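Topology and contacts: notes
What follows is each chain in one-letter form.
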Amino acid sequence: MKFPRLDENIKVVKIAIIGGSGLYNLEGLELVAEVNPDTPWGKPSDAITIAKTASGLYVAFLARHGRGHYLTPSEVPARANIAALKSLGVEVIIAYSAVGSLREELKPRDFVLPSQIIDRTKGIRHSTFFEEGLVAHAMFADPFSAVLEKRGVIEGGDFHRQKTLICMEGPQFSTRAESHMYRSFGADLINMSVLPEAKLAREAEIAYQMICMSTDYDCWKEHEVAVTVEAVVANLKANSDNAQRLLAAILPGLEQVVKNGQALEGLKGSMRFACMTAPEKRSAEAVKKLEFLLPGYYTV
Ligand SMILES: CSC[C@H]1O[C@H](OP(=O)(O)O)[C@H](O)[C@@H]1O
Ligand SMILES: Nc1ncnc2[nH]cnc12
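Residues numbered from 1 in each chain as written. Chains lettered and ligands numbered in written order. Predicted model: local features only at pLDDT ≥ 70, side-chain atom pairs only at ≥ 80, totals over all residues. Heavy atoms only, no water.

Here is the rule we go by: UniProt positions are given in the numbering used here, feature names are shortened, and annotations may be inferred rather than shown by experiment.
By the naming in an unreviewed UniProt entry, the protein goes by S-methyl-5'-thioadenosine phosphorylase and is assigned to Linnemannia gamsii. The record held by UniProt for the protein lists under Pathway (unreviewed entry) the comment "Amino-acid biosynthesis; L-methionine biosynthesis via salvage pathway; S-methyl-5-thio-alpha-D-ribose 1-phosphate from S-methyl-5'-thioadenosine (phosphorylase route): step 1/1." For the record of the protein, the UniProt heading Sequence similarities (unreviewed entry) holds the text "Belongs to the PNP/MTAP phosphorylase family. MTAP subfamily."

What follows is the structure in structure tokens.
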């Protein structure tokens, strides 16, 4: 399908959805444009589609692994994805992810809102916008947006809440010994995608929440078959209507939060003060790149 480029009628797109494994398109909304912006960190995973909601707001959709799933979790150009969304005006990202469950009570096809993250990626992913002459340290103690919970955007009993998500490198799944170790760490869920996406959203001052769809019990259950892609995909397919319904249910709350200017509570301006590098020591090249993301923050 062909769409017009983002035009002057669409001035700003404040809400974005990142689709993970099995979720490659937005359904039920009128698609009005498609963009594929260049950023100082390259091109995003795929073209970004823009849809219009019933109340006239615009929503961007980006497939994390590309439509057709051609990027491994480690190859996802997370900096370009976040920078491209920011350049459209995005203030809130809802990111979907297929996850393994490390707890009996988090059953396959359940939806889970994680509140914490443990990093088990291996340092091979670009995980910051601040490097090479411009140093900043973002707060990340609470990695997901408090505003979305506080303002009742994501409410109701359909979710497990307050769970810890561990992010592994992949693309291979874990060994049984690793799966047991992650449980002993206190992790409840496992995926390969929340990092560096969540860190970069924080650096870009975008409110970010991941919605996890449990697809398997990984491999910690000694006498049960270990996770396979077939099992993950079967549960994702069975659950795709629920995922789209859930999105439709939270969109009005998201729209309210952005309309009321509440999305960036506690975030807006935070990266100005997180910068450590003295103005005269800032690399011109780094400042130029950061100007794309946070205009006016670091220019001297
Ligand atoms: C298809 S199983 C492993 C794969 O699924 C998850 O992807 P996403 O988070 O984009 O839904 C997981 O993180 C792995 O990348
Ligand atoms: N068991 C698992 N490990 C890592 N990522 C996953 N995504 C879905 N299931 C997973």
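Moving on, there is more to tell.
**Description of empty space enclosed by the protein**
This is how the line gets drawn: Cavities and pockets were defined on a 1 Å grid built over protein atoms only: a cavity is a set of grid points that admits a 1.4 Å probe from which the probe cannot escape, a pocket is an open set flanked by protein on both sides within 12 Å along at least five of seven lines, and lining residues are those with an atom within 4 Å of any such point. Grid points are joined across faces, edges and corners, and a volume is the space filled by probe spheres set on the points. Comment: elements are numbered from the N terminus, with helices defined as DSSP H or I runs of at least four residues and strands as E runs of at least two. In the scheme used here, Gly and all other residues not listed as nonpolar or charged are polar, with Ala, Val, Leu, Ile, Met, Phe, Trp, Tyr, Cys and Pro taken as nonpolar and Asp, Glu, Lys and Arg as charged.
Per the counting criterion, the structure on display carries two cavities of 30 Å³ or more. Approximately 50 Å³ is the volume found for the largest cavity. Lining the largest cavity are Arg64, Pro73, Val76, Ala78, Arg125, Ser193, Leu195, Pro196 and Glu197. With three residues, the single largest contributor to the lining of the largest cavity is helix H4 (residues 194–203). For the lining of the largest cavity, the class distribution of residues is five nonpolar, one polar and three charged. Size it by volume and the second largest cavity reaches roughly 40 Å³. The dominant element in the lining of the second largest cavity, judged by the number of residues it contributes, is helix H5 (residues 229–259), at three residues.

**Details of the state of the cysteines**
Which entries qualify depends on this criterion: Two cysteine sulfur atoms form a disulfide, by the criterion used here, when they sit within 2.5 Å.
Evaluated as defined, the whole model comprises zero disulfides. Among the cysteines around Cys167, which has no disulfide bond, Cys212 carries the closest sulfur, lying 10 Å off.

**Side note on the layout of surface pockets**
Space inside the largest pocket adds up to approximately 510 Å³. If you go around the largest pocket, you meet 28 residues; those closest to its centre are Ser21, Ala98, Phe173, Met192 and Val232. Taken together, the residues of the lining of the largest pocket sort by class into 14 nonpolar, eleven polar and three charged. Surrounding the second largest pocket, 24 residues form its lining, Asp142, Arg202, Glu265, Gly266 and Leu267 being those nearest its centre. Among the secondary structure elements, those contributing two or more residues to the lining of the second largest pocket are helix H2 (146–150), H4, strand S9 (207–216) and helix H6 (270–273). A per-class count over the lining of the second largest pocket returns 16 nonpolar, four polar and four charged.

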